[in-house]
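Observations on the three-dimensional arrangement
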Amino acid sequence: MDVNKVKAEIIEYSKEIGIDKIGFTTADPFIELKNRLIRQQELGYQSGFEEPDIEKRVTPTLLLEGANSIISIALAYPSKMANRVESKKGDRRGIYARASWGMDYHVVLKDRLKKLENFILSKMPDALIKSMVDTGELSDRAVAVRAGIGWSGKNCAVITPEFGSYVYIGEMITNIPFEPDQPIEDQCGSCTKCLEACPTGALVQGGQINAQHCISFLTQTKGLIPDEFRNKIGNRIYGCDSCQTACPHNKGKNFHFHEELEPDPETVKPKLIPLLKLSNREFKTRFGYLAGSWRGKRPIQRNAIIALAHFKDRSAVPELADILEKEASPVVRGTAAWALGKIGGEQAFKVLIKAREHEKDQDVKNEIQKALHFFQP
Ligand code: SF4
Ligand code: SF4
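Keep in mind that what you see is a predicted model, and the values were worked out from it rather than measured.

Conventions used here
Residues numbered from 1 in each chain as written. Chains lettered and ligands numbered in written order. Predicted model: local features only at pLDDT ≥ 70, side-chain atom pairs only at ≥ 80, totals over all residues. Heavy atoms only, no water. Helix = DSSP H or I, 4+ residues; strand = E, 2+ residues; numbered from the N terminus. Rg over C-alpha atoms; globule rule 2.2 N^0.38 Å. Buried < 20%, exposed > 50% of the residue type's maximum accessible area, 1.4 Å probe, protein only. Contact = heavy atoms within 4.5 Å. Areas by Shrake-Rupley, 256 points an atom, 1.4 Å probe, with all protein chains shown as cover. Core = buried A, V, L, I, M, F, W, Y, C linked by side-chain atoms within 4.5 Å. Pairing = 2+ DSSP bridges. Salt bridge = Lys/Arg side-chain N within 4 Å of Asp/Glu carboxyl O. Near = heavy atom within 4 Å. Nonpolar A, V, L, I, M, F, W, Y, C, P; charged D, E, K, R; others polar. Phe/Tyr/Trp six-rings, centres within 6.5 Å; stacked < 30°, edge-to-face > 60°. Axes fitted to C-alpha atoms, helices over the stretch in contact; angles between N-to-C directions. Parallel < 35°, antiparallel > 145°, perpendicular 65-115°, else oblique.

**Quick word on the overall build of the protein**
When helices and strands are counted, the protein shows 17 helices and 10 strands. A compact globule built from 377 residues should have a C-alpha radius of gyration of about 21 Å, and the protein, at 23 Å, falls within 12% of that. Going through the 377 residues of the protein one by one, you find that 53% of them count as buried. In the protein, 77% of the contacts between residues at least 6 apart in sequence involve partners at least 24 apart. Of the roughly 17500 Å² of accessible surface on the protein, a fraction of 50% belongs to carbon and sulfur atoms.

Put into structure tokens, the structure is as follows:
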């Protein structure tokens with residue numbers, strides 16, 4: 001079997017099944033990545049969501065015996081909604097980051113990878129293949145960069161010349177010795193726009209990110225958001241796009257190639273107050289198909305409360321009062337207390353005083369106390 005011929009056929013087939021870019025690299029260890037991961041670990045910059053075993057993250061042969069190559073794929077996603085939300089004055093809305101618009105990209109990429117796997121197996125029935133997207137051991141970014149999909153920007157995204165960084169990436173390790181493609185030259189140059197645009201200074205030393213300071217990561221945690229970041233989250237209820245929208249290579253990049261990835265404006269830019277009232281079932285029905293729902297309803301509700309505080313939306317006070325009285329989660333109750341302090345006004349003050357009397361959880365009590373301080377002249 002002529003491997004080069006199969007590679008050409010795979011490239012051709014990838015276009016037929018809606019893969020926007022494909023690249024090939026070797027299964028050699030990712031040495032530079034290893035050093036970076038060790039440094040990140042030492043500095044405490046990790047998110048905690050990643051595979052803990054660094055060796056597995058950088059050594060493809062540990063993941064597939066006889067690994068010889070890795071195929072990286074990219075799908076472009078839209079950066080602008082085709083339809084806008086119809087907003088009335090006073091409607092306060094949250095926003096999901098673009099990487100959570102449309103159907104969960106893990107599902108979409110896995111579908112493309114599966115089709116590609118079947119195609120390869122139809123040509124080479126003995127091929128060994130292992131596919132992964134995001135939650136796999138390998139770094140999607142490191143693979144994509146080495147496979148020539150794009151370069152690694154100072155904003156830590158893979159930037160493709162064709163689609164900017166608005167791409168989802170996934171990969172498959174194979175035992176077939178495909179000819180590797182050449183990486184693309186880094187085109188960031190002296191630009192620092194993403195570093196300047198980051199609200200929390202989470203991008204450090206160009207190309208490194210301190211996940212503990214990154215809003216994208218913080219919106220996905222389950223606990224109370226540290227105080228110093230609450231005022232910087234704005235109305236982001238999942239993820240953060242600031243370092244991508246600031247990038248000149250994303251200017252004018254807005255591709256609507258895939259029906260599944262089209263956002264429903266009412267879903268990805270939802271009204272905030274109704275979010276606070278959703279049952280688990282309602283949340284699942286309405287938002288369950290988004291990538292941004294992977295942590296469940298409560299982190300989104302916590303973030304929606306922070307967004308209401310950002311807007312100082314007094315019409316949210318009755319709802320926040322209800323949360324302080326009835327909500328089971330101390331994180332949501334505590335965030336509601338803080339938000340009432342930020343929103344201010346006599347009604348919010350009374351709610352906090354009442355909650356102080358019956359609240360038992362120490363963290364929530366602290367939040368109530370903090371919130372009451374906002375009322376002091
Ligand atoms: S996602 Fe937002 S918070 Fe995180 S590095 Fe980019 S701009 Fe900063
Ligand atoms: S904003 Fe500038 S420095 Fe940041 S990723 Fe884009 S080109 Fe690179």
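Once you've had a look at it, read on.
**Observations concerning the nonpolar core**
Grouped burial of nonpolar side chains is what soluble globular proteins tend to show. In this structure, Tyr-96, Leu-275, Ile-305, Leu-320, Leu-324, Leu-340 and Leu-352 are the most contacted members of the largest nonpolar core, which totals 57 residues. Filtering out sequence-adjacent residues up to four positions away, Leu-352 remains in contact with Leu-324, Ala-337, Leu-340, Gly-341, Ile-368, Ala-371, Leu-372 and Phe-375. The next biggest cluster of nonpolar side chains, apart from the first, holds 30 residues, and it includes Val-3, Leu-109, Met-172 and Ala-291.

**Topic: the pairing of strand 2 (residues 69–76)**
The element strand 2 is largely enclosed, with a buried count of 8 among its 8 residues. Burial of the side chains of strand 2 extends over both faces: Ser-69, Ile-71, Ile-73 and Leu-75 are buried on one face and Ile-70, Ser-72, Ala-74 and Ala-76 on the other. Direction of pairing for strand 1 (residues 21–26) relative to strand 2: antiparallel, over a ladder of 6 bridges. The residue bridging Lys-21 from the neighbouring strand is Ala-74, located in strand 2. Here strand 2 runs beside strand 7 (residues 167–174); their pairing, made up of 8 bridges, is antiparallel. Residue pairing for strand 7: Ala-74 is matched across the bridge by Ile-169.

**Concerning the pattern of salt bridges**
One pass over the full model with this rule turns up 23 salt bridges. Across the pair Lys-123 and Glu-9 runs a salt bridge, and its minimum N-O distance is 3.7 Å. Of this pair, Lys-123 sits in helix 4 (residues 105–123) while Glu-9 is found in helix 1 (residues 3–16), placing the two residues 114 residues apart along the sequence. Here Asp-111 and Arg-112 are joined by a salt bridge, their closest N and O atoms 2.8 Å apart. Owing to a relative accessible area of 6%, Arg-112 belongs among the buried residues under this scheme. One salt-bridge network, in which partners are shared between bridges, spans Asp-111, Arg-112, Lys-115 and Glu-260.

**Considering the site of ligand 1**
The full set of residues close to ligand 1 is Cys-198, Pro-199, Thr-200, Ala-202, Leu-203, Ile-209, Cys-214, Ile-215, Ser-216, Cys-240, Ser-242 and Cys-243. In terms of residue class, the shell around ligand 1 is made up of 9 nonpolar, 3 polar and no charged.

**Points about the packing of aromatic side chains**
Scanning the model with the defined rule gives 14 aromatic pairs in all. Each ring, one from Phe-24 and one from Phe-178, has its centre 5.2 Å from the other, and the planes form 65°; the classification is edge-to-face. With Phe-24 in strand 1 and Phe-178 in the loop between strand 7 and helix 6 (193–197), this pair connects stretches of sequence that are 154 residues apart. Exposure remark for Phe-24: the relative accessible area of 0% places this residue in the buried category. Judged by centre distance (4.2 Å) and plane angle (25°), the rings of Tyr-77 and Tyr-168 are stacked.

**Focus: the environment of Ala-202**
Following the sequence through the fold, Ala-202 ends up in the loop between helix 6 and strand 8 (203–204). With 35 residues separating them in the primary sequence, Ala-202 and Ile-237 have C-alpha atoms 18 Å apart. In this structure Ala-202 touches Gln-208, Ile-209, Asn-210, His-213 and Cys-214, once residues within four positions along its chain are discounted.

**What to know about the sheet that holds strand 2**
The 4 strands are arranged 1-2-7-4 in an open sheet whose pairing can be described as antiparallel. Every interior strand has two partners, whereas the edge strands, strand 1 and strand 4 (129–132), have only one. Within this sheet the neighbouring strands show an average axis-to-axis angle of 20°, counted without direction. Of the strands in this sheet, strand 1 and strand 2 are in contact with helix 1, which crosses strand 1 at around 150°.

**Some details on the packing of helix 15 (residues 330–343) against helix 17 (residues 362–373)**
With their axes 8 Å apart at the nearest point, helix 15 and helix 17 run at an angle of 5° to one another. When the axes of helix 15 and helix 17 are compared, the pair comes out roughly parallel. In contact with Pro-330, Arg-333, Gly-334, Ala-337, Trp-338 and Gly-341 of helix 15, helix 17 contributes Val-364, Glu-367, Ile-368 and Ala-371. Considered class by class, the residues forming the contact of helix 15 with helix 17 number 6 nonpolar, 2 polar and 2 charged.

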